[in-house]
Amino acid sequence: MTDKSAENSNMKFSFDDKDLWQAALVLQEAFAEIQPTPVDLEHKFSERFSEKINAIAGRQKKLFTARRVMKNIAAAILAVLIGGGLWLGTDAQAQAEFKAWLRTEYEDSILYEFFGKREGDRISGVDVGWLPEGYAETKKLIRERFGYYLFTNGSGEDIFFYYTYMDSDTALGILSDRSPYEKIRVNRAPADFYMGMDEGEGNVLCWFDEEKGIAFELNAALEKQELVKIAESVAVRFG
Amino acid sequence: MLIYLQMAGSDEDKRKFEQLYQKYRWLMFSVANQILENTQDAEDAVHQAFLYIAENLHKVQDISGSKTRAYLVIITEHKAIDIMRTNAAATATESIDTLQGVEVHPPPGSGLAEAMARIPAQYREVLLLRFAYGYSTKEIGKLFGASPQNVQRMIWRAKAALQARLEEDEAT
């Protein structure tokens, strides 16, 4: 180490980026020599841990379809179609026993994943009993396991409504930078409310009808009370 | 109007992730446990590390190489310290900025590398990611939850910490 820059002229030891690069490579090798302790090598990972790792592994093979609703709903939503079963054969038993849904925070999204096979009648459509004044249905897509509706008012403001079966073939995602969320209830169903963090970003309400095995999502620049009112007016048609 | 975006994880990525998990989970757990001294928190740190790795698989080339092994240790250390920071904030205890990371021993006489091994963990991580892994300030910022400008400031602080460490070593 020598005096290599005017910036370093007042420092007793001087180093430049090349020195740092060389030192970092030496330290990198030292990091690579770290070994797990014998006690830690015996550690038996918890079922909870295995479930979460399964969720990541499963995510690696998913086909993500993201929809970004324009204008007032800047927050994007992910609808996820999973291509097959989850990974990690060693944890297959735990996976088979885990009939529930799991919420995982990723760097830029929240993912709700469902486990087990939904049993129940096929959804043929959804009726939304209440909407704020001026909104009307402008788009609709119904598929076997999921569907969405778009409602728009005269100012071009949107309400996006999505539903999906809760089973291993589907998942529900929200593009979000881990904004705080509030656990609430829609009728008696558990629900999560996400407040949009940026100007123009919509609020999101997700709720889960565990009895019927259906997850719902609303995304709109509306107050929480309005979203809940819409959610509570939703009626599912079967057959 | 709706915009559709598709991102498909390839089979190669899936295999890579699986191999990393099978090969390194106990090492990563051990690193996290050394810092957190709590097995549940350590598992959380390993989970967070794997989440990060899953989204940055392109950074991993040779599964068995020392560069990859060191990378996983560094990311796990970072996530463990993140959890420690969260726990410390909850209990309003000590400052985390001076926290030392996992113990590491570069060869004696390696000078700057020895000093780098003993500066606070977050500075050490910034320097390693920047210089050993070629991370941009934006990439480091994403990991640290900081802007590129703040990362640049962290790099300068890391260099100052290194300078102080060298001076302290000479004095003793």
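Because the structure is a prediction, the values reported are computed rather than measured. (Residues numbered from 1 in each chain as written. Chains lettered and ligands numbered in written order. Predicted model: local features only at pLDDT ≥ 70, side-chain atom pairs only at ≥ 80, totals over all residues. Heavy atoms only, no water.)

Enquirer: So what exactly am I meant to see when it comes to the pairing of strand β8 (residues 158-165) of chain A here?
Expert: Strand residues, when the strand is regular, have side chains that alternate between the two faces of the sheet. All names here are of chain A. The buried fraction of β8 amounts to 8 of the 8 residues, a majority that puts the element mostly inside the structure. By the bridge criterion, 7 bridges tie strand β7 (residues 146-152) to β8 in an arrangement that is antiparallel. Each residue of the ladder has a partner; that of L150, found in β8, is F160. Once β7 ends, the chain turns through 5 residues before running back antiparallel as β8, passing G156 with a positive phi of about 80°. Here β8 runs beside strand β13 (residues 214-220); their pairing, made up of 7 bridges, is antiparallel. Each bridged residue has a counterpart across the sheet, and for T164 the counterpart in β13 is A215. (Buried < 20%, exposed > 50% of the residue type's maximum accessible area, 1.4 Å probe, protein only. Helix = DSSP H or I, 4+ residues; strand = E, 2+ residues; numbered from the N terminus. Pairing = 2+ DSSP bridges.)

Enquirer: I tried to follow the sheet that holds β7 of chain A on my own but got confused; where do I start?
Expert: Hydrogen bonds between backbone atoms are what pair the strands of a sheet, whose relative direction is either parallel or antiparallel. All names here are of chain A. Pairing is antiparallel in the open sheet, where 7 strands are placed in the order β6-β7-β8-β13-β12-β11-β10. Of all strands in the sheet, those with a lone pairing partner are β6 (136-142) and β10 (181-186), marking the two edges. In this sheet, neighbouring strand axes are inclined to one another by 15° on average, regardless of whether the strands run parallel or antiparallel. (Axes fitted to C-alpha atoms, helices over the stretch in contact; angles between N-to-C directions.)

Enquirer: Sorry if this is basic, but what is going on with helix α5 (residues 224-232) of chain A here?
Expert: What α5 of chain A keeps buried is the set L227, V228, I230 and A231 of chain A. Viewed end-on, α5 of chain A has its buried residues packed into an arc of 160°, placing them on one side of the element. (Arc of directions from axis to C-beta.)

Enquirer: What is the right way to read the packing of aromatic side chains from this model?
Expert: Any two aromatic rings considered together are summarised by their centre-to-centre distance and by the angle between their planes. A complete count under the given rule lists 15 aromatic pairs over all chains for this structure. Arranged with centres 6.4 Å apart and planes meeting at 25°, the rings of F49 of chain A and Y21 of chain B form a pair that is stacked. One end of the pair, F49 of chain A, is in helix α3 (residues 47-59); the other, Y21 of chain B, is in helix α1 (residues 11-36), on a second chain. Relative accessible area serves as the criterion here: at 1%, F49 of chain A is assigned to the buried category. The class for Y21 of chain B is buried, based on a relative accessible area of 0%. Ring centres 6.2 Å apart and planes at 25° place the aromatic pair F161 of chain A and W207 of chain A in the stacked group. Taken together, the positions of F161 of chain A in strand β8 and W207 of chain A in strand β12 (residues 203-209) put the pair 46 residues apart, joining distant regions of the chain. (Phe/Tyr/Trp six-rings, centres within 6.5 Å; stacked < 30°, edge-to-face > 60°.)

Enquirer: It is not clear to me how the packing of helix α6 (residues 137-144) of chain B against helix α7 (residues 148-171) of chain B should be interpreted in this structure. Could you clarify?
Expert: Residue and element names in this part refer to chain B. At a closest axis distance of 8 Å, the pairing of α6 and α7 adopts a crossing angle of 95°. Here α7 runs roughly perpendicular to α6, going by the angle between their axes. In this structure, α6 uses T137, K138, I140, G141 and F144 to contact α7, whose residues at the interface are P148, V151, Q152, M154 and I155. For the contact of α6 with α7, the residue count by class is 6 nonpolar, 3 polar and 1 charged. (Parallel < 35°, antiparallel > 145°, perpendicular 65-115°, else oblique. Contact = heavy atoms within 4.5 Å. Nonpolar A, V, L, I, M, F, W, Y, C, P; charged D, E, K, R; others polar.)

Enquirer: Please clarify how the pairing of β6 of chain A should be interpreted in this entry.
Expert: Residue and element names in this part refer to chain A. Note that β6 and β7 share 6 bridges and pair antiparallel. Considered in β7, the bridge of E137 is made with F151. Where β6 folds back on β7, the antiparallel hairpin that results is connected by 3 residues.

Enquirer: Honestly, the side chain of H47 of chain B in this entry has me stumped. Any pointers?
Expert: Here H47 of chain B is to be found in helix α2 (residues 39-55). Among the residues examined, H47 of chain B registers a relative accessible area of 3% and is labelled buried. With residues near it in sequence (within four places) discarded, H47 of chain B still touches F49, K52, I53, I56 and T104 of chain A.

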